[in-house]
Amino acid sequence: MDADAAGPRGHVVVGVDGSRHAELALERAAAEARRLGVPLEVVHGRPWAALPQTGAEPAAHTPSREDARALAEAAAGRARRLAPRLEVLASAVDEDAPDALVRLSHRAALTVVGSRGLGGFTGLLLGSVGLRVAAHTAGPLMVVRGDPPPEHDRARYDTVVLGVESEADADAVGLAFREAAARGARLVALHAWTYRHLAPPGEPLVPTSPRREDVARVARAEAAAAERVLDPFRSRYPQVRAQVRAVNGGAAHALVEASETADVVVVAAHRGRGRLAMRLGPVVHSLLHHSHCPVLVVPVPRGGGHGGGGGGS
């Protein structure tokens, strides 16, 4: 079928292009849809609509609409085999994959893409499609990173890692608690901060006792601030063991390192307003390129956050 506004709402959408990374995204999307108890929509996008406008003839290797529908149906069939009771729809759309996935994200509970694709105008499901969707998605986006071993060999850490900076990350915090509750996992909220007091000219760089005390004081204040962000959600999810880990250093490095022993990393993407605003910050970029596990990006309009620490700005 072709995707249209009459499709399901509150479902899981996954982009496929026939690549191995798209297959991994399909596996994860089927598992997420089954866990959430919602339908799965498998989407394959190609820009056929642009051909008549340019007058260009399709290259000999350009797949036809029928090929695209067959690819989407084949992926949907695989999802049905992975989750036999799952309702699965196949969609081949006459638009760029990123545009289609962003459009569908307005009515999806979750959108899923792989970290890379086949290349060209449909692939690079991180270099082009993944980053474009992450920059514009209207709802949570899961980017399935890496090339993990078969499902039965995958290590499970029962850990959800959350990057948290301030109260502006509340949407991401809530989603991280829901993820941890659904997975029966613990939640590690990582708050990165930097000690910014420089030594006066001529003072030795070796930390003195007063300097160490000041660093410890700042560390306690930063940890307390992160705890306050989590507090409203602890009572809603009493079954989740949540801990704050305050780290003196860069958020990107700390989150990538923490992803080595996590099942998923949840991070807020603080977006500026307006066409020229930066859509994704350095922390999200770093995670999308280097995380060792799937990354769950939660779009947050930029408000009170200042875009630096443990959040995903």
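Per chain, the residues get numbers from 1 upward, laid out in the order the sequence is written. Residues qualify for local features only when their pLDDT is at least 70, as the model is predicted, and side-chain atom pairs are given and counted only at 80 or more; totals for whole chains, interfaces and linings, by contrast, use all residues. Excluded from the side-chain calculation are hydrogens and water; included are all heavy atoms of the structure.

Peer 1: Could you clarify how one ought to interpret the confidence of the model for the protein chain in this entry?
Peer 2: Parts of the prediction with low pLDDT should not have their coordinates interpreted in detail. Residues at a pLDDT of 70 or more form 74% of the protein chain, whose mean pLDDT is 81. pLDDT is a per-residue confidence score from the predictor, ranging from 0 to 100. Whether two residues touch is decided by their heavy atoms; if any such pair falls within 4.5 Å, the residues are in contact. Low pLDDT, under 50, characterises residues 48–60; the predicted model gives this stretch nine contacts beyond four residues in sequence or across chains. Here residues 304–309 is a poorly scored stretch, pLDDT under 50, and it has twelve contacts once near neighbours within four places are set aside; other chains count.

Peer 1: In this structure, what is going on with the nonpolar core? I would like to understand it.
Peer 2: Soluble globular proteins tend to bury their nonpolar side chains together. Among the nonpolar cores identified, the biggest contains 51 residues, and Leu40, Val42, Val112, Leu162, Phe177 and Leu187 are the most heavily contacted of them. Sort the elements by how many residues they give to this core and helix α1 (residues 20–36) lands first, with seven residues. Sequence-distant contacts of leucine 40, defined by excluding residues within four places in its chain, comprise Val12, Val14, Leu26, Ala29, Ala30, Ala33, Ala79, Leu86, Glu87, Val88 and Leu89. Definition used in this section: a nonpolar core is a set of buried Ala, Val, Leu, Ile, Met, Phe, Trp, Tyr and Cys residues joined via side-chain atoms within 4.5 Å. Relative accessibility under 20% of the residue-type maximum defines a buried residue, over 50% an exposed one, and the middle range a partly exposed one, all with a 1.4 Å probe and only protein chains included. In this text, helices come from DSSP runs of H or I with a minimum length of four residues, and strands from runs of E with a minimum of two, each type numbered from the N-terminal end.

Peer 1: In this structure, what is going on with the pattern of salt bridges? I would like to understand it.
Peer 2: Proximity of charged atoms lets side chains of opposite charge pair with each other. We count a salt bridge whenever a side-chain nitrogen from Lys or Arg sits within 4 Å of a carboxyl oxygen from Asp or Glu. Within this structure, the stated rule accounts for 16 salt bridges. Measuring nitrogen to oxygen at the nearest pair gives 3.8 Å for the salt bridge that ties aspartate 96 to arginine 132. Of the two residues, aspartate 96 is situated in the loop between β3 (88–93) and α4 (97–105) and arginine 132 in helix α5 (residues 129–136); the sequence distance between them amounts to 36 residues. Taking relative accessible area as the criterion, aspartate 96 reaches 22% and is therefore assigned partly exposed. Residue arginine 132 is classed as partly exposed on the basis of its relative accessible area, which comes to 36%. Put simply, arginine 234 and glutamate 227 hold a salt bridge, and the shortest N to O gap is 2.6 Å. Each of Arg20, Glu23, Glu27 and Arg78 takes part in salt bridges that share partners, so that together they form one network.

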